[in-house]
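# Notes for the structure review
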Amino acid sequence: LLAAPPAAAGSEAVGWLEEYLRIDTSNPPGNEHRAAGLLRRILHREGIATQLIVSSTGRANLLARLQAEEPAEGALLLLHHMDVVAPGEGWSREPFDAGSGDGVLWGRGALDAKSLGIAHLAAFLDLARSGARRTREVIFLAVADEESGGGDGAAWLLQNRPQEFEDVAAVLNEGGHNRAYRGRLSWWGIEVTQKRPLWLRLTTRGRGGHGSVLNLHTAPHRLVRALSAVLERPLELRVTDAARSYFEAIEPLESTAFRKMVADLDRIVADEEPGRRLLPGIPSYLADSIQVNVIEAGSRINTAPERAEARIDIRLLPDTDGDALLAELERLVGDDAEIEVLLASPPAEPSPTDHPVFRCVQEALEPVAPVVPAFIPGVTDSRHFRLRGIPAYGFSPFVLDSTDLRGIHGVDEKIPIAAFEDGVETMKRVVRACATG
C-alpha cells in the first residue's frame, strides 16, 4: 500500500474530516465511541452541550441541540451514521490514514457517510456562530450501527429514547442522489422513498467426514442446491408507483434514450426479455433484488463440514409482500436449508413533497439546479423515522460524478476536496434557510 502523502491545506471542515476518517469505525464492532469523542470535542470547544447516549449493548450515539429563539416550527434533525463497512482487501492506500493528494481525500467513510456528517457539523456550527434568530430547533445526531440495520443506532434511539424526537418536524439524512457529469450538475435528487431490507441466513447441515467418501448430501452440497433454487427464481420486473413517479420527475432532465425508455416502460417490462431495452441500472428500481454476499462452510479441501451457511441481501420494492416472498423462498429451498430472517422492515409511506422542510430545501437549491423527489434502491436509517410518521429526506450536498461514487462500499473510497468544500457551503446555506425561516 502507498504511504499517505501529507494532508492538503483546506478549510476547518477538511481538517475535521481528515480526523474523522482516521478513526476505524468498521462495523462490526463499530467502535463509534471514538468517533463520537471527536465530534463531541469539536462541539464542546464551541460551547455546545452534547448527550452521549449509549445503547444497551454499549454502542455510542451523540446528540446536540441548538434551541430556537423564536420557536414557530418543529425541529430539524441532521442525521448521519458514524460506522462504516470494513474496507476489505485491494486498497492502494491505507483505508484509515486519511491521505490526501491530487486534490482528493481518501479513506473509508469519505463518501458513506463521514463527509456528510462533517457537512452537518459545519452547518450546525455555522448556524450557532452566525447569531441568526432561529425559528426551528436544530438537532445534530450521529448514530451507530446503520450498516447493520440500525438496531443499536437510530432504531434503538426511537424505541428507547422517543422523547428526544417529540418535536422533530423532519430529518435530513443520507440517501440523496444527484446527477452530475464532469462536475456539472443536472439535478438534485432528494430521496423521499426507498426499497426495504430483507436480510436472510440460510443454514444447511449434513454428515461430515473425510473428503474422499462419496457423500451427495454434505452441508455445502445442500447449500449449493438451496442457493441455486433461489437464484434460478424468475426475475419479475414491475413498475411501482415509486419508480414511475421518480422516472417521470427526472425524464425531462435526462437523455433522449432515457425519455424514450420511460415513454415505453410498461411495454418494455411486459416483454419476454425486458432487460435488452432497459438502460443500465434501471432493473434495480423495478425488481426485488436478491444478492448472495456471504458464503461460509469448511476450511479444508479434504474434509466435509457438518454445517454451511449463506447470507443473502434482499432489497424489496416498496409495495412487495415480504412475508409472501419469504414463504416462496422457503418452499424453493425445501428441506435443504433453514431460513432465518436477520433484518426486515415493513412498508413506510413516502415523505411528502409538500412539507415545509422539503420546500425549504428545494428553494435553497433550485438557483443552482432543478430539484426532484427521488426513489433509491438502497436503504438508510430514514425508514425508521418514516415508520413513526416523521418525514425524512435524503440529501447529499456534494456534486460528484458516477466515477467518484464507485468507492461506496468498495476499494479506494475518496472524495474530491473541492467538491467536499462546495458541499459544506451548500449544506450551510440549506440549514440556515430552513432554521431561520
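Up top you'll find the structure we're talking about.
In what follows, the accompanying structure is described. Please read these numbers as outputs of a predicted model, since none were measured by experiment.

Moving on: unusual backbone geometry. Across the junction of asparagine 27 and proline 28, the peptide omega takes the value 0°, indicating a cis bond. For proline 28, the location among the structural elements is in the loop between helix 1 (12-21) and helix 2 (32-45). Of note, the amide linkage connecting proline 28 to proline 29 takes the cis form, showing an omega dihedral of 5°. One non-glycine residue, asparagine 31, lies in the positive phi region at around 50°. Residue position: asparagine 31 is located in the loop between helix 1 and helix 2. On the basis of relative accessibility, which here comes to 32%, the residue asparagine 31 falls in the partly exposed class.

For the pair helix 10 (residues 356-365) and helix 13 (residues 417-436), the least separation of the axes is 9 Å and the interaxial angle reads 135°. Classed by the angle they form, the pair helix 10 and helix 13 counts as oblique. Judged by the twist between their axes, the crossing of helix 10 over helix 13 is right-handed. Across from Val357, Cys360, Val361, Ala364 and Leu365 in helix 10, the residues of helix 13 making contact are Thr426, Arg429, Val430, Ala433 and Cys434. Of the residues belonging to the contact of helix 10 with helix 13, the class tally is eight nonpolar, one polar and one charged.

One open sheet holds the four strands; their spatial order is 12-14-10-15, and the pairing between them is antiparallel. In this open sheet, the two strands that pair with only one neighbour each are strand 12 (289-296) and strand 15 (338-344). On average, each strand axis in the sheet is inclined to that of its neighbour by 20°, with strand direction left out of account. When strand 10 (residues 196-205) meets strand 14 (residues 307-316), the two strands line up antiparallel, connected through ten bridges. Counterpart to arginine 205 in the pairing with strand 14 is arginine 307.

What the rule picks out here adds up to one disulfide. Covalent S-S linkage joins cysteine 360 and cysteine 434, the inter-sulfur distance amounting to 2.3 Å. Looking down the S-S bond of the cysteine 360 and cysteine 434 bridge, the torsion is -115°, so its handedness is left-handed. Taken together, the positions of cysteine 360 in helix 10 and cysteine 434 in helix 13 put the pair 74 residues apart, joining distant regions of the chain. Overall, cysteine 360 belongs to the buried group, its relative accessible area being 14%. By relative accessible area, which is 2% here, cysteine 434 ends up buried.

Attention shifts here to the layout of surface pockets. If a probe as big as a water molecule is rolled over the atoms, it shows which places are left empty. By volume, the second largest pocket amounts to about 370 Å³. Taken together, 18 residues line the second largest pocket, and the ones lying closest to its centre are Thr193, Asp241, Ala242, Ser245 and Pro350. Looking at the lining of the second largest pocket, the elements that each hand over two or more residues are strand 9 (184-194), helix 6 (241-250) and strand 16 (371-376). Sorting elements by how many residues they give to the lining of the second largest pocket places helix 6 first, with four residues.

Moving on to the pairing of strand 7 (residues 168-173). Within strand 7, six of the six residues are buried, which leaves the element mostly enclosed by the surrounding structure. Bridge count between strand 3 (residues 75-81) and strand 7: four bridges; the pairing is parallel. Across the sheet, residue alanine 75 finds its bridge partner in strand 7, namely valine 168.

A few words now on empty space enclosed by the protein. Tallied over the full model, the rule gives two cavities of 30 Å³ or more. In this structure, the largest cavity spans a volume of roughly 80 Å³. In terms of lining residues, the largest cavity is bounded by Thr193, Gln194, Lys195, Arg196, Pro318, Ser345, Pro346, Ala348, Glu349, Arg383 and Arg386. Taken together, the elements giving at least two residues each to the lining of the largest cavity come down to strand 9 and helix 11 (382-386). The residue inventory of the lining of the largest cavity, partitioned by class, reads three nonpolar, three polar and five charged. Put simply, the second largest cavity is a space of about 30 Å³. Arg233, Leu235, Glu236, Arg238 and Asp288 together form the lining of the second largest cavity. Split by residue class, the lining of the second largest cavity holds one nonpolar, no polar and four charged.

Let us now look at helix 9 (residues 322-333). Helix length check: helix 9, at twelve residues, gives a terminal C-alpha distance of 17 Å against a target of 16 Å (1.5 Å per residue), a fit within 8%. Buried within helix 9 we find Gly322, Leu325, Leu326, Leu329 and Val333. Buried residues of helix 9, viewed axially, fall in a sector of 100°; they line one side. Turned more than 90 degrees from where helix 9 packs its buried face, Asp323 and Arg331 sit exposed. On its buried side, helix 9 packs onto strand 10, helix 5 (219-231), strand 14 and strand 15. The backbone nitrogen of aspartate 323 has a side-chain oxygen 3.1 Å away, supplied by the residue at the start of helix 9, namely aspartate 321.

Rules behind the numbers
Residues numbered from 1 in each chain as written. Predicted model: local features only at pLDDT ≥ 70, side-chain atom pairs only at ≥ 80, totals over all residues. Heavy atoms only, no water. Helix = DSSP H or I, 4+ residues; strand = E, 2+ residues; numbered from the N terminus. Buried < 20%, exposed > 50% of the residue type's maximum accessible area, 1.4 Å probe, protein only. Axes fitted to C-alpha atoms, helices over the stretch in contact; angles between N-to-C directions. Parallel < 35°, antiparallel > 145°, perpendicular 65-115°, else oblique. Left-handed = near helix turned anticlockwise from the far one by under 90°. Contact = heavy atoms within 4.5 Å. Nonpolar A, V, L, I, M, F, W, Y, C, P; charged D, E, K, R; others polar. Pairing = 2+ DSSP bridges. Disulfide = S-S within 2.5 Å. 1 Å grid on protein atoms, 1.4 Å probe; cavity = no way out; pocket = protein on both sides within 12 Å on 5 of 7 lines; lining within 4 Å. Points joined across faces, edges and corners; volume = space filled by probe spheres on them. Expected span 1.5 Å × (residues − 1). Arc of directions from axis to C-beta. Polar contact = N/O pair within 3.5 Å; in protein donor to acceptor, adjacent residues only side chain to side chain.

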